[in-house]
Amino acid sequence: RRLDVWGAARSDRTEPQHTRLAQVTAIPGLVAALLDPEPHPLTMAAGVSVIVVLAVEMLFVHHQNRKLWFALQGQTERLDQIVRESRDAIVQVGAAGVVEFVTDAMGTVLGREPQSLLGDSGHVLIHPDDRVAVMNEINRLAEIECDGLRVSGRFLHSDGSWRHLELNVSRRSGSVPGFTCSARDITDRTRMETQLRHLASTDALTG
């Protein structure tokens with residue numbers, strides 16, 4: 001079965017699931033053959049040898065599975081730590097704009113719990129005056145050959161204010177279409193740039 005390795009990395013170190021091999025289903029038949037009151041010597045030899053080989057193979061695969069599991073879990077824990085400590089919120093959306101994954105930094109950027117955004121459309125958070133421009137830029141990424149692009153716009157904070165965000169958007173790798181966005185709050189920088197432009201074009205004495 002599939003395992004949620006990302007979820008496992010957030011808790012205490014876990015053990016991998018027991019190895020399940022299709023060959024194990026042959027053991028009951030072999031045991032039944034060996035329990036025959038008058039088994040043929042060749043049947044005995046073949047049955048015992050197959051059971052021994054299966055046992056050795058299972059031990060080897062289980063040992064290999066443990067090594068791979070702990071290596072993968074270690075990598076996942078490092079990646080999880082990097083994502084948690086990042087000040088940028090990382091968001092993955094599908095081709096239709098539905099939010100599929102959000103990091104905890106979204107609480108710092110827009111004051112929102114990541115779980116509250118999953119399954120919703122990210123379009124509704126964009127300021128109505130910026131929505132068309134932002135979406136046109138993101139849709140352009142699907143048409144041109146480039147690694148990514150930078151988009152900025154106003155997004156709705158949980159307190160009702162509009163925050164200026166800078167998005168680094170890239171196409172999601174793999175067979176599933178979609179986008180990965182790294183969002184950073186640039187509200188203070190934008191406000192300062194606006195003030196500087198105002199000061200540069202306004203007479204200090206007459207206003």
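Refer to the structure presented above.
Below: a short report on this structure. In this text the structure is predicted, and so the values were computed from the model without any measurement.

Comments concerning the overall build of the protein chain
Part 1 of the reasoning: Tallying secondary structure elements over the protein chain gives seven helices and five strands in all.
Part 2 of the reasoning: Secondary structure of the protein chain in N-to-C order comes out as α-α-α-β-β-α-α-α-β-β-β-α.
Part 3 of the reasoning: Looking at the protein chain as a whole, 27% of its 207 residues qualify as buried.
Part 4 of the reasoning: Of the roughly 14000 Å² that the protein chain leaves accessible, carbon and sulfur atoms contribute 58%.

Considering the sheet that holds strand E2 (residues 99-102)
Part 1 of the reasoning: Strand order in this open sheet of five strands is E2-E1-E5-E4-E3, and the pairing throughout is antiparallel. Looking at which strands have only one partner, the edges of the open sheet turn out to be E2 and strand E3 (149-156). Ignoring which end each strand starts from, the neighbouring axes of this sheet average 30 degrees apart.
Part 2 of the reasoning: Pairing of strand E1 (residues 89-94) with strand E5 (residues 178-185) involves six bridges; the strand directions are antiparallel. Bridge pairing links Gln92 to Thr180 in E5.
Part 3 of the reasoning: The strands touched by helix H6 (residues 128-141) within the sheet are E3, strand E4 (162-171) and E5, with E3 carrying the most contacts at an inclination of about 150 degrees.

Some details on the nonpolar core
Part 1 of the reasoning: In this structure, Met106, Leu110, Phe155, Leu165, Leu167 and Val169 are the most contacted members of the largest nonpolar core, which totals 25 residues.
Part 2 of the reasoning: With four residues, the single largest contributor to this core is H6.
Part 3 of the reasoning: Here Leu110 is in contact with Leu125, Phe155, Leu156, His157, Ser158, Arg163 and Leu165, once residues within four sequence places are set aside.

Notes on the side chain of Glu166
Part 1 of the reasoning: Residue placement: Glu166 occurs in strand E4.
Part 2 of the reasoning: With a relative accessible area of 12%, Glu166 lands in the buried category.
Part 3 of the reasoning: At a separation of 3.2 Å, a polar atom in the side chain of Glu166 contacts the side chain of Arg189.

Here we look at the environment of Gly119
Part 1 of the reasoning: With respect to the secondary-structure elements, Gly119 resides in the loop between helix H5 (114-117) and H6.
Part 2 of the reasoning: Given a relative accessible area of 52%, Gly119 falls into the exposed group.
Part 3 of the reasoning: Considering only alpha carbons, one finds Gly119 and Val93, 26 residues apart in sequence, at a separation of 9.2 Å.
Part 4 of the reasoning: Once residues lying within four places of it in the same chain are set aside, the contact partners of Gly119 are Val98 and Val99.

Rules and cut-offs
Residues numbered from 1 in each chain as written. Predicted model: local features only at pLDDT ≥ 70, side-chain atom pairs only at ≥ 80, totals over all residues. Heavy atoms only, no water. Helix = DSSP H or I, 4+ residues; strand = E, 2+ residues; numbered from the N terminus. Buried < 20%, exposed > 50% of the residue type's maximum accessible area, 1.4 Å probe, protein only. Areas by Shrake-Rupley, 256 points an atom, 1.4 Å probe, with all protein chains shown as cover. Pairing = 2+ DSSP bridges. Axes fitted to C-alpha atoms, helices over the stretch in contact; angles between N-to-C directions. Contact = heavy atoms within 4.5 Å. Core = buried A, V, L, I, M, F, W, Y, C linked by side-chain atoms within 4.5 Å. Polar contact = N/O pair within 3.5 Å; in protein donor to acceptor, adjacent residues only side chain to side chain.

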